[in-house]
Amino acid sequence: MRLKAALIGILLSAGPIGPAFSAEPLSLDRLTEPEIALLTSTRQALVPLVDARKREGTVSTITFEELYARLTPEQIAFAESFRKIEPKEIGGASRRLPAPAPETQFVRLDRQVVLREGKKVLLDTQVLPSGAHEAYERMMAAMEADLGRRLLVESGYRSPAYQLYLFLFYLPKHDYSVRETNRHVALPGCSEHGSPAFQAIDFISAGGINGEDRPEEFEELQEYGWLHARAREFGFQLSYPRGGESAFEPWHWHWHWEEPRA
Ligand SMILES: [Zn+2]
């Protein structure tokens with residue numbers, strides 16, 4: 001198996017990219033100046049596409065082919081080098097997770113409304129694999145019965161290609177350190193958001209309390225206490241508890257799908 005994996009690696013780097021642009025291993029502690037320049041140009045090339053797909057509500061299922069169609073061979077090689085990072089090289093809690101099966105069915109959520117500063121705001125469209133969606137709906141029916149309110153999906157499924165884009169997007173916020181960024185944003189192929197067997201949901205309260213803008217308040221929510229008490233009944237677990245290798249994320253829960261026994 002090791003030999004086969006190595007062979008695929010060689011074929012990829014010698015493929016359409018060409019030897020001149022074969023991806024160098026990245027400087028994980030902090031990108032070098034040439035790498036930062038490549039990152040900037042790559043992000044700039046992708047922003048219009050990602051923004052257009054956000055408006056359409058289809059960004060979370062974007063593919064590598066669609067992203068790479070906008071990039072130069074050098075930028076593609078740079079992007080691919082993030083996919084080649086071995087989780088154990090980078091430390092933290094990273095691990096490779098199963099990719100979505102081709103037959104995965106997705107449910108689109110495009111009418112979610114939250115209150116922000118007293119105003120109703122429509123959330124960006126999210127998608128969930130049908131299994132996780134069904135479990136989420138059952139869990140929310142129980143929460144509504146107990147508390148009279150529910151949590152909404154701020155971020156559901158994100159394809160590995162969209163995860164790569166997000167990783168590139170967040171790198172400057174963590175001073176171009178791949179290791180530090182990885183504590184907050186998983187690498188493509190390692191995110192529970194991109195693996196229906198471990199499908200993650202980032203929750204947001206109906207009052208707009210979420211991880212992105214108001215992380216310290218999420219933990220205080222009654223809904224959060226409810227999840228601790230009952231989420232397991234529906235197959236959901238907190239992924240990044242306090243004191244773990246990844247940053248504490250009280251809003252991020254995953255649903256673990258079990259293969260039915262024959
Ligand atoms: Zn998350």
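Predicted model, so just to flag it, every value in this text is computed and none were measured.

1. Focus: the overall build of the chain
Working step 1: For the chain, the helix and strand inventory stands at 10 helices and eight strands.
Working step 2: Evaluated residue by residue, the chain yields a buried proportion of 32% over its 262 residues.

2. What to know about the nonpolar core
Working step 1: Ranked by size, the top nonpolar core spans 24 residues in total, and within it Phe82, Ala161, Leu164, Tyr165, Phe167, Leu168 and Leu187 carry the most contacts.
Working step 2: Broken down by secondary-structure element, the contributors of at least two residues to this core are α2 (33-56), α4 (73-83) and α7 (160-170).
Working step 3: Of all the elements, α7 adds the most residues to this core, at six residues.

3. Things to note about α2
Working step 1: Across its 24 residues, α2 extends 35 Å between first and last C-alpha, which sits within 8% of the 34 Å expected from 1.5 Å per residue.
Working step 2: Its axis deflected by about 35° at valine 47, α2 carries its strongest bend there, up to four residues before the proline proline 48.
Working step 3: Regarding α2, the residues found buried are Leu39, Thr42 and Leu46.
Working step 4: Summarising the contacts, the buried residues of α2 are in contact with α3 (64-68), α4 and α7.
Working step 5: Two residues or fewer after α2 comes glycine 57, characterised by a positive phi angle close to 80°.

4. With respect to the sheet that holds strand β5 (residues 151-155)
Working step 1: Taken together, four strands build an open sheet; the order of strands is β5-β6-β8-β7 and the sheet is antiparallel. Edge positions in the sheet fall to β5 and β7 (236-238), since each of these pairs with one other strand and no more. Pairwise comparison of adjacent strand axes, ignoring direction, gives a mean angle of 45° for this sheet.
Working step 2: The pairing of β5 with strand β6 (residues 200-205) spans four bridges and is classified as antiparallel. In the strand pairing of β6, serine 155 is matched with aspartate 202.

5. Structural notes on unusual backbone geometry
As a rule of thumb, non-glycine residues mostly have phi less than zero, and peptide bonds are mostly trans rather than cis.
Working step 1: Of note in the backbone geometry, glutamate 117 takes a positive phi value of approximately 50° without being a glycine.
Working step 2: Looking at the secondary structure, you find glutamate 117 in the loop between β2 (113-116) and β3 (119-122).
Working step 3: Residue glutamate 117 is classed as exposed on the basis of its C-beta count, with 6 C-beta atoms lying within 10 Å.
Working step 4: Residue aspartate 175 is not a glycine yet carries a positive backbone phi of 50°.
Working step 5: Checked against the element boundaries, aspartate 175 lands in the loop between α7 and α8 (178-182).

6. Remarks on the confidence of the model for the chain
Working step 1: Per-residue confidence for the chain gives a mean pLDDT of 89, with 89% of residues at or over 70.
Working step 2: For the chain, per-element mean pLDDT is lowest for helix α1 (residues 2-14), which scores 39, and highest for helix α6 (residues 130-147), which scores 98.
Working step 3: Scored below 50 in pLDDT, residues 1-20 shows eight contacts in the model against residues more than four places distant or in partner chains.

7. Focus: helix α10 (residues 222-230)
Working step 1: Inspection of α10 places Glu223, Tyr224 and Leu227 among the buried residues, and these make up the whole buried set. The arc that holds the buried residues of α10, viewed along the axis, is 105°, so those residues lie on one side. Seen from the buried face of α10, the exposed residues on the opposite side, beyond 90 degrees, are Gln222, Gly225, His228 and Ala229.

8. Here's the deal with the environment of leucine 221
Working step 1: Structurally, leucine 221 can be placed in the loop between α9 (215-218) and α10.
Working step 2: Separated by 16 residues in the primary sequence, leucine 221 and serine 205 place their C-alpha atoms 8.3 Å from one another.
Working step 3: In contact with leucine 221, other than residues within four places in its own chain, are Ser205 and Ile209.

9. Comments concerning the pairing of β3
Working step 1: Taken together, the four bridges between β2 and β3 define a ladder with antiparallel strand orientation. Counted as the bridge partner of valine 113 is leucine 122 from β3.
Working step 2: The antiparallel hairpin formed by β2 and β3 contains two residues in its connecting segment, where glutamate 117 sits at a positive phi of about 50°.

About the thresholds
Residues numbered from 1 in each chain as written. Predicted model: local features only at pLDDT ≥ 70, side-chain atom pairs only at ≥ 80, totals over all residues. Helix = DSSP H or I, 4+ residues; strand = E, 2+ residues; numbered from the N terminus. Buried ≥ 20, exposed ≤ 12 C-beta atoms within 10 Å, placed from the backbone. Core = buried A, V, L, I, M, F, W, Y, C linked by C-beta atoms within 7 Å. Expected span 1.5 Å × (residues − 1). Bend = angle between axes of the 7 residues up to and from the residue. Contact = placed C-beta atoms within 7 Å. Pairing = 2+ DSSP bridges. Axes fitted to C-alpha atoms, helices over the stretch in contact; angles between N-to-C directions. pLDDT = per-residue confidence, 0-100. Arc of directions from axis to C-beta.

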